[in-house]
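# Examination of the molecular architecture
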Amino acid sequence: MISQLILKSHGFQSKFSSPPPTLYILLSLLSSKSLSSHHRFIHNNPPSSPTPPPTPPPPPHSSVSSICTLICESHNQQTTTFSALSPPALNLEINPDTLTHEHVIIIVASLAREAGSVVALSFFNWATGYSKFRHFMRLYIVCATSLITNGNLDKASEVMQSMVNNFSEIGRLKEAVDMVIEMQNHGFVLKTRILNFVIGVCVELDLVDYAEKLFDEMLERGAVPDSSSYKLMGVGYCRMGRISDADRWLKAMIERGFVVDNATCTLIVSSFCENGFVNRAFWFFNKWIRMGLNPNLINYTSLINGLCKKGSVKQAFEMLEEMVRKGWKPNVYTHTALIDGLCKKGWTEKAFRLFLKLIRSDNYKPNVYTYTCMINGYCKEEKMNRAEMLLSRMKEQGLVPNTNTYTCLVDGYCKAGSFERAYELMELMDKEGFAPNIFTYNVIVNELCKKGRFQEACELLRKQLKCGLQIDRVTCTILISEFCRQAYFNQALAIFSRMIKVGLKPDMHTYNVLIATFCRQKRMEDSEKFFNEAVGCGLVPTKETYTSMICGYCRDGHVSSAVKLFRKMSDNGCVADSFTYGALISGLCNESKLDEACQLYEMMIDKGMTPCEVTRVTLAYEYCKKGDSATAMIILERVEKKLWIRTANTLIRKLCSESKVGVAALFFHKLVEKDRNVDRITLAAFTTACYDSNKYALVSDISQRISKGIG
């Protein structure tokens, strides 16, 4: 009732005859000492309190009408330099402390009614420039409603945008958005502009899930999304690393015929590539080109960089050729990405030839990052003399090595076992003015752990933590991995729990370490917990995640769960490798589900994968156990000759160990046909098994074939 009376007293009965619930809540917070008249200020004494605040002096003008007149005069003076489309900034000689919240809403309403929308908006902008009124929601509602009454919907939209932006600063975004939506019941139109603005604010605050719900709600209320709407959602999910969600929005964008701009293309391609979705980035890139996008040098370079990081260097060079055909000349960043890709593949000599091409170039010279990539390539191959030579050459060129450059060298020396030189380089970094950072220490701690010097690694970390070093997610993952390796599971879990408490968000690699560890321990409930937790955090399970879980389920005798996860893996776009297939095939064989195992075996061969020897032997052996040696023969026929020979030797020895000499003899005859140089160990195992089984004729037959050299 009080809310309605206040609205009526301010002339809003026609628009707000039935205020929405949020308005009731806001208005009910008003003091009972509300304004009793349109045309006077309140100068009542504040309520008694132990320390009453000083009453501000009265304003220089004693009525709303005189203040409105002052505002109009100030506005008219400013219009000579400001466009009417953009309200001028008012220079009012009024102390805002002398105005109450009720004063400003009366003034805004009066100005809108008597002087027009532009003048009202000018005063609104002046008032919201002060913290006292900036977060007074009724001011926004009154101003927007007045503008709607005047038919100025665009300016009303500006007021609503201002409200959303200002209230988001104090954590009241959802409250402001709710009011925007409720204002639709009072003449406000939800246009594309306000939709995009609100989504943009949500994305900047990482409230992408809320933005998606808002998108759907505003869509139902008549807002029409455009390309920017979908772009904002896609970019928002990319920034959060939630690539599957970003993919969903970008696909919807394409279905509606919207094309991204060049800057957005670069951001999306980079995000997809950094999160391991290079093929999908490549698909979007080509799709956008067919839809009319004209990619620039930066777009091509970002995709080349992503392909190189994935290890698809050949494809990256093909993209380079396409880029050149389109008239774009590669710059130092393009070449650096290719050099880095070649080095990561172990092709350092090819990388060095490209590096020399840059050195001889008149247009592009190698920068610090180029040298660092080349140095890192040599360090990975433990060619430390060449790496040191490049470091000297780099300094001669006037380039200053950075922390990453030295960290690569430290890593190289640690891998080579020369920790003394690594420590010397860290001291050199201090002398040159930049101390080793956490990345440097992560490198040396990781290698110390691999070399069995865990205590030394812990002592190094302890000293640096006392000096103010802040460990990061990678440090914790290294320690968790080492504790898991040493079977100190409680300590590993303690570190994991601690890193979450201090705000270090685990990545998928951290979860993979724990998932794989508990799968090996047949603690599938713990593995499932970590798997579900990772997915719940928005992380995308990798091939290693699924393979560990599938192996664990098969090891634990829950093959049906492994099969379900395998199918889910494919649905989520994660490509299984030969180890994943092998684990599931072994699990199916253990449960005598040979038909399903054989289907998977054929599937992996059709996809160009080579089953490992354990997989080949396991599947063939299970068919032999069932007395179906013909199928076992057919299974092995699809592999190349060299692998067939190795598999046959292993299979024959295994069959002989189980006294299945008859079946072993069939494979031995086939082996002799393919390879005259019979393995002595296989022959000895077969001979022993035949003698133990009193099947001397089999030995005689094989011996004759070998001596005659049949094959």
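Preceding this paragraph is the structure being described.
Residues numbered from 1 in each chain as written. Predicted model: local features only at pLDDT ≥ 70, side-chain atom pairs only at ≥ 80, totals over all residues. Heavy atoms only, no water.

For the rest of this paragraph, the subject is the overall build of the chain. Counting its secondary structure elements, the chain contains 39 helices and zero strands. Sorting the 711 residues of the chain into buried and exposed places 49% on the buried side. For the chain, the computed accessible surface area is about 34,600 Å², with 51% contributed by carbon and sulfur atoms. (Helix = DSSP H or I, 4+ residues; strand = E, 2+ residues; numbered from the N terminus. Buried < 20%, exposed > 50% of the residue type's maximum accessible area, 1.4 Å probe, protein only. Areas by Shrake-Rupley, 256 points an atom, 1.4 Å probe, with all protein chains shown as cover.)

Attention now goes to the packing of aromatic side chains. Taken as a whole and judged by the stated rule, the model has 27 aromatic pairs. Aromatic pair F215 and Y230: ring centres 5.5 Å apart, planes at 65°, arrangement edge-to-face. Linking F215 in helix α11 (residues 208-220) with Y230 in helix α12 (residues 227-239), this pair joins segments that are 15 residues apart in sequence. Each of the two residues, F215 as well as Y230, counts as buried. When the ring of F272 is compared with that of F277, the centres are 6.5 Å apart and the planes differ by 70°; the resulting orientation is edge-to-face. Since its relative accessible area comes to 1%, F272 is described here as buried. Classification of F277 by relative accessible area gives partly exposed; the value is 21%. Members of the aromatic cluster, each reached through a chain of ring pairs, are F272, F277, W283, F284 and W288. A cation over an aromatic ring shows up here: K174 above the ring of Y210, its NZ or CZ 5.0 Å from the ring centre. (Phe/Tyr/Trp six-rings, centres within 6.5 Å; stacked < 30°, edge-to-face > 60°. Lys NZ or Arg CZ within 6 Å of the ring centre and 35° of its normal.)

Okay, helix α14 (residues 262-274) next. If you check α14, its first and last C-alpha atoms are 18 Å apart, about what 13 residues at 1.5 Å a residue would give, namely 18 Å. Taken residue by residue, α14 has T264, C265, T266, I268, V269, S271, F272 and C273 as its buried positions. Those residues of α14 hidden inside the fold are in contact with α12, α13 (243-255), α15 (278-290) and α16 (297-310). The N-cap residue of α14 is D261: its side-chain oxygen and the backbone nitrogen of A263 are 3.1 Å apart. Directly beyond the C-terminal end of α14, a positive phi value near 85° is found at G276. (Expected span 1.5 Å × (residues − 1). Contact = heavy atoms within 4.5 Å. Polar contact = N/O pair within 3.5 Å; in protein donor to acceptor, adjacent residues only side chain to side chain.)

Moving on to helix α21 (residues 384-396). An ideal rise of 1.5 Å per residue puts 18 Å on 13 residues; α21 measures up with 18 Å between its terminal C-alpha atoms. The complete set of buried residues in α21 reads M384, A387, E388, L390, L391 and M394. When α21 is viewed along its axis, its buried side chains cluster within an angular range of 155° and face the same direction. Relative to its buried face, α21 has exposed residues pointing more than 90 degrees away, namely N385 and E396. Check the buried side of α21 and you find it contacts α19 (348-360), α20 (368-380), α22 (403-415) and α23 (419-431). With its phi angle positive at about 85°, G398 sits one or two positions after the end of α21. (Arc of directions from axis to C-beta.)

Under the criterion given, the structure shown has 37 salt bridges. Across the pair K155 and E158 runs a salt bridge whose closest N-O atoms are separated by 3.3 Å. Taken as a pair, K155 and E158 lie in helix α8 (residues 153-168) at a separation of three residues, close to a single helical turn. With relative accessibility at 10%, the residue K155 sits in the buried group. K625 is the partner of E622 in a salt bridge, and the nearest nitrogen-oxygen pair spans 3.9 Å. Taken together, the residues span about one helical turn, with E622 and K625 both in helix α34 (residues 613-625) at a distance of three residues. Overlapping salt bridges, with partners in common, bring together D209, E212, R242, D245 and R248 in one network. (Salt bridge = Lys/Arg side-chain N within 4 Å of Asp/Glu carboxyl O.)

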